[in-house]
Amino acid sequence: MQRIGVATSADLLTWTKHAGNPVLDADPRWYETHGGPSPWQDQHWRDPWVLADPDGDGWHLLITARATDGPIDDRGVIGHAWSANLTNWHARHCRSQGRVSVSSRCRRWRWSAVARC
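Residues numbered from 1 in each chain as written. Predicted model: local features only at pLDDT ≥ 70, side-chain atom pairs only at ≥ 80, totals over all residues. Heavy atoms only, no water.

1. Observations concerning the overall build of the protein chain
Consideration 1: A count of helices and strands for the protein chain gives one helix and six strands.
Consideration 2: Secondary structure elements in the protein chain, listed N-terminal to C-terminal, are β-β-β-β-β-β-α.
Consideration 3: Buried positions account for 35% of the 117 residues belonging to the protein chain.
Consideration 4: Accessible surface for the protein chain amounts to roughly 7,400 Å². Of this, 53% is attributable to carbon and sulfur atoms. (Helix = DSSP H or I, 4+ residues; strand = E, 2+ residues; numbered from the N terminus. Buried < 20%, exposed > 50% of the residue type's maximum accessible area, 1.4 Å probe, protein only. Areas by Shrake-Rupley, 256 points an atom, 1.4 Å probe, with all protein chains shown as cover.)

The following block contains the structure:
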């Protein structure tokens, strides 16, 4: 099972895991969770990428995830979460149509799509 955690470092060599880990799990309203209908029976919730909100309203997190709807072999999405402080994260449903598959429109996916989520 894949989950999102936080670690900090003063020197980028020695890291300390946050006591509250994991700080973000997949929200089953929008994202597949462990034990779902996928043949691989796994929770895809990984590869977090943090970026500051362009309007100064906290932080956004983009995540490799799988949606709960659509064909079983085409549910890959760019998941989305938001935080005011980089510690407390809230999963959001992304309405960006940012499906990720070999034949998807992924290359044209832009920040403006995330900002609408």
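Anyway, onward from the coordinates.
2. Here we look at the side chain of His60
Consideration 1: By secondary structure assignment, the location of His60 is in strand β4 (residues 59–66).
Consideration 2: A polar contact is formed between the side chain of His60 and the side chain of Asp53, at a distance of 2.6 Å. (Polar contact = N/O pair within 3.5 Å; in protein donor to acceptor, adjacent residues only side chain to side chain.)

3. Considerations on the environment of Ala67
Consideration 1: For Ala67, the location among the structural elements is in the loop between β4 and β5 (76–83).
Consideration 2: Measuring from C-alpha to C-alpha, the distance between Ala67 and Cys94 comes to 9.8 Å, with 27 residues separating the pair along the chain.

4. A look at the pattern of salt bridges
Consideration 1: All chains considered together, the criterion is met by five salt bridges.
Consideration 2: Residue Glu32 is joined to Arg66 by a salt bridge in which the shortest nitrogen-to-oxygen separation is 2.9 Å. Of this pair, Glu32 sits in the loop between β2 (16–17) and β3 (45–52) while Arg66 sits in strand β4, and the two are 34 residues apart along the sequence.
Consideration 3: Of the residues examined, Arg66 reaches a relative accessible area of 8% and is grouped as buried. (Salt bridge = Lys/Arg side-chain N within 4 Å of Asp/Glu carboxyl O.)

5. Focus on the sheet that holds strand β6 (residues 89–92)
Consideration 1: Judged by pairing direction, the sheet is antiparallel, and its four strands sit side by side in the order β3-β4-β5-β6 without closing on themselves. Of all the strands in the sheet, just β3 and β6 have a single pairing partner and so form its edges. Taking each pair of neighbouring strands and ignoring which way they run, the sheet shows an average axis angle of 30°.
Consideration 2: Note that β5 and β6 share four bridges and pair antiparallel. (Pairing = 2+ DSSP bridges. Axes fitted to C-alpha atoms, helices over the stretch in contact; angles between N-to-C directions.)

6. Quick look at the pairing of β3
Consideration 1: As paired elements, β3 and β4 share six bridges and run antiparallel to each other. Counted as the bridge partner of Leu51 is His60 from β4.
Consideration 2: Hairpin remark: β3 followed by β4, antiparallel, with six residues in the connecting loop; positive phi at Gly56, about 80°.

7. Overview of the nonpolar core
Consideration 1: Ranked by internal contacts, the top residues of the largest apolar core, which has 16 residues, are Ile4, Leu24, Tyr31, Trp45, Leu61 and Ile63.
Consideration 2: Every element with two or more residues in this core is listed here: β4, β5 and β6.
Consideration 3: The leading source of residues in this core is β4, at three residues.
Consideration 4: Residues contacting Ile4, with those up to four places away along its chain left out, are Pro22, Val23, Leu24, Trp45, Arg46, Pro48, Leu61 and Ile63. (Core = buried A, V, L, I, M, F, W, Y, C linked by side-chain atoms within 4.5 Å. Contact = heavy atoms within 4.5 Å.)

8. Brief notes about the packing of aromatic side chains
Consideration 1: Taken as a whole and assessed by the stated rule, the structure comprises one aromatic pair.
Consideration 2: Between Tyr31 and Trp45, the ring centres sit 4.9 Å apart and the planes meet at 55°, which makes this aromatic pair tilted. A residue pair is termed long-range when its members are at least 10 positions apart, and Tyr31 in the loop between β2 and β3 and Trp45 in strand β3 qualify at 14 residues.
Consideration 3: Exposure remark for Tyr31: the relative accessible area of 3% places this residue in the buried category. (Phe/Tyr/Trp six-rings, centres within 6.5 Å; stacked < 30°, edge-to-face > 60°.)

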